[in-house]
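Close look at the chain arrangement
If you want the building blocks of each chain, they are given just below.
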Amino acid sequence: MTHTSFLRRLRAPLLAAVLGVLLAGCVGVYKGTGVSINSSTRLDDTPRIAVISAFEPELKLLLARLQGPAKHSVNGVEFTTGTLEGKPVVLFLSGISMTNATMNTQLVLNRFRVAGIVFSGIAGGVNPSLHVGDVTVPAQWGQYLEVLMARETAPGKYTAPPFIKDATFPNFGMVHPRPVEVRSAARPEIERKFWFEVDPKMLETARSIRTVDLANCSAGKCLARKPQLVIGGNGVSGQAFMDNKAFREYTFKTFQANVLDMETAAVGMVAYSNGVPYIAFRSLSDLAGGGDGENEMGTFMGIAADNSAKVMLAFLAAWK
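Residues numbered from 1 in each chain as written. Predicted model: local features only at pLDDT ≥ 70, side-chain atom pairs only at ≥ 80, totals over all residues. Heavy atoms only, no water.

**A closer look at the side chain of Thr254**
Short version of the rule: Put simply, DSSP H or I for four residues or longer makes a helix, DSSP E for two residues or longer makes a strand, and each gets a number counted from the N terminus. Relative accessibility thresholds used throughout: buried, under 20% of the residue-type maximum; exposed, over 50%; partly exposed, between the two (1.4 Å probe, protein chains only). Contacts are assigned to residue pairs that have any heavy atoms within 4.5 Å of one another.
With respect to the secondary-structure elements, Thr254 resides in helix H5 (residues 245-255). Taking relative accessible area as the criterion, Thr254 reaches 10% and is therefore assigned buried. Not counting the four nearest positions on each side in its chain, Thr254 is found in contact with Phe169 and Pro170.

Now the structure itself:
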């Protein structure tokens, strides 16, 4: 037998043995973590309301009120189950902005038995009749930064290509808003949709809320007026922190939006695709560039986050 033939005969069993060791090691890793990387194993079989906030200050009050907390971690996201106002819930942070909100909303639907989705957090005020600290509960949400960036075809004139037929909203310079493509179990064919309506029964319950005492002072910082609860109207979301007076005015005029944020319309799209009811409570931390002086979020974020959480808790108490 030549040296080459011997190596060829040895190679196959040796390779099989090495692969066996590697695969055995992988199995051991998966057993150690409890679930495989790609598993969609349900972590809890109790029907729950998913309560979402974007970042920690928005969820602080709710976690403090949670009864019987139990923690689960998936892909670095911490989910905490328990009860709020007597309702089984799972609380977690979506992360800031649209991709995080989309990804982690789908994750909670995959891993828990979710009967409804509720978002609580802060937002920028767009409607000039609203003020910092007010809590809004819009009836529908759209993705206002899903856009065509049009070319300038004449000085100051921006034109959509002829094959783009859905850029029908008024433009802001080169920015032409468009609907998004979406599919769902109920409608598997692709449809183009701008507004994602909240659940009508949830909205009806929100309209019944009458007795929430919204704060106007926190840590020595006070608002000039007592905050109000506003039910209905529109909200918009996009992947940009907005602090621009002209674009704020355009957003109100074009979409009749009360508020804007960076997550809710993404959550609404996931809820729509999965056939799960949702609603969002957003309190104004700032005026998205419409106020005097610098942006107000750094000063009033705590008041806004707590006011939103208070209304959301009142909603859970009233929800049947």
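The structure having been displayed, the exposition proceeds.
**Focus on unusual backbone geometry**
Positive phi, normally seen in glycine, also occurs at Ser97, with a value near 90°. Tracing the chain through its elements places Ser97 in the loop between strand E4 (87-93) and helix H3 (98-111). A positive phi angle is found at Gln256, which is not glycine, with a value near 50°. Within the element layout of this structure, Gln256 appears in the loop between H5 and strand E19 (257-261).

**Some details on the confidence of the model for the protein**
Convention followed: Per residue, pLDDT captures the predictor's confidence, and it can take any value from 0 to 100.
Across the protein, pLDDT averages 89, with 88% of residues at or above 70. Per-residue pLDDT stays below 50 along residues 2-8; that stretch engages in one contact with residues further than four places along the chain or on separate chains. Predicted confidence for residues 12-38 stays below pLDDT 50, and this span has five contacts to residues more than four positions away or in other chains.

**Digging into the layout of surface pockets**
In plain terms, the rule: For cavity detection a 1 Å grid was placed over the protein atoms alone, and a set of points counts as a cavity when a 1.4 Å probe fits there but cannot get out; an open set counts as a pocket when protein lies on both sides within 12 Å along at least five of seven lines, with lining residues being those that have an atom within 4 Å of a point. Grid points are joined across faces, edges and corners, and a volume is the space filled by probe spheres set on the points. In this count, Pro and Cys sit with the nonpolar residues alongside Ala, Val, Leu, Ile, Met, Phe, Trp and Tyr, while Asp, Glu, Lys and Arg are called charged and the others, Gly among them, polar.
By volume, the largest pocket amounts to about 230 Å³. Around the largest pocket, the lining comprises 18 residues; the ones closest to its centre are Ile122, Phe241, Asp261, Met262 and Met297. Sorting the residues of the lining of the largest pocket by element identifies strand E5 (112-125), E19 and strand E20 (278-286) as the ones contributing at least two each. Residue lining of the second largest pocket: Ala206, Arg207, Ile209, Arg210, Thr211, Val212, Leu214, Lys226, Pro227, Gln228, Leu229 and Ile231, and that is the complete set. Elements with a minimum of two residues in the lining of the second largest pocket: helix H4 (200-207) and strand E17 (229-231). Split by residue class, the lining of the second largest pocket holds seven nonpolar, two polar and three charged.

**Some remarks on the pairing of E5**
We count it as follows: If DSSP finds at least two bridges between two strands, the strands pair.
Most of E5 sits inside the fold, with twelve of its 14 residues counted as buried. Two strands pair when backbone bridges link them, and strand E1 (residues 44-53) and E5 are joined in this way by six bridges, in the parallel orientation. Residue pairing in the sheet places Asp44 in a bridge with Phe112 of E5. In this sheet, E20 lies alongside E5 in parallel orientation, the contact comprising eight bridges. Residue pairing in the sheet places Ala123 in a bridge with Leu284 of E20. Sheet topology places E5 next to E19; two bridges connect them, and they run antiparallel.

**Focus on the state of the cysteines**
As used in these notes, a disulfide is a covalent bond between sulfur atoms, one from each of two cysteines. Just so we agree on the cut-off: The disulfide criterion is simple: two cysteine sulfur atoms within 2.5 Å.
Applying the stated criterion across every chain, the model contains one disulfide. The disulfide partner of Cys217 is Cys222, and the S-S distance across this bridge is 1.9 Å. Sign of the S-S torsion, about 120° for the bond between Cys217 and Cys222, identifies this disulfide as right-handed. Look at Cys222 and you get partly exposed, because its relative accessible area is 44%.

**Comments concerning the packing of H3 against helix H6 (residues 264-274)**
A pair of packed helices is characterised by two quantities: the angle between their axes and the separation of those axes. Going by this rule: Convention adopted: a line fitted to C-alpha atoms gives each axis, helices being fitted over their contacting stretch, and angles between N-to-C directions are expressed from 0 to 180 degrees. It is the rotation of the near helix from the far one that decides the hand of a crossing: anticlockwise by less than a right angle makes it left-handed, clockwise makes it right-handed.
In contact at an axis separation of 8 Å, H3 and H6 are set at 35° when each is read in the N-to-C sense. At the point where H3 passes H6, the crossing takes the right-handed sense. Residue-level inspection shows Met98, Ala101, Thr102, Thr105, Gln106 and Leu109 of H3 in contact with H6, the latter providing Ala265, Ala266, Val267, Val270 and Asn274. Residues belonging to the contact of H3 with H6 are distributed by class as follows: seven nonpolar, four polar and no charged.

**Observations concerning the environment of Asp261**
For the record, the criterion: By the criterion applied in these results, polar contacts are pairs of N or O atoms within 3.5 Å in which, for protein atoms, one can donate a hydrogen and the other can accept it, and in which residues neighboring in sequence qualify only through two side-chain atoms.
Examined against the element boundaries, Asp261 turns out to sit in strand E19. Residues Asp261 and Leu284, spaced 23 residues apart in sequence, show a C-alpha to C-alpha distance of 9.8 Å. With sequence-adjacent residues up to four places away left out, Asp261 is seen in contact with Ile122, Ala123, Trp141, Val236, Ser237, Gly238 and Arg282. Here Ser237 takes part through its side chain, which lies 2.6 Å from a polar atom of the side chain of Asp261.

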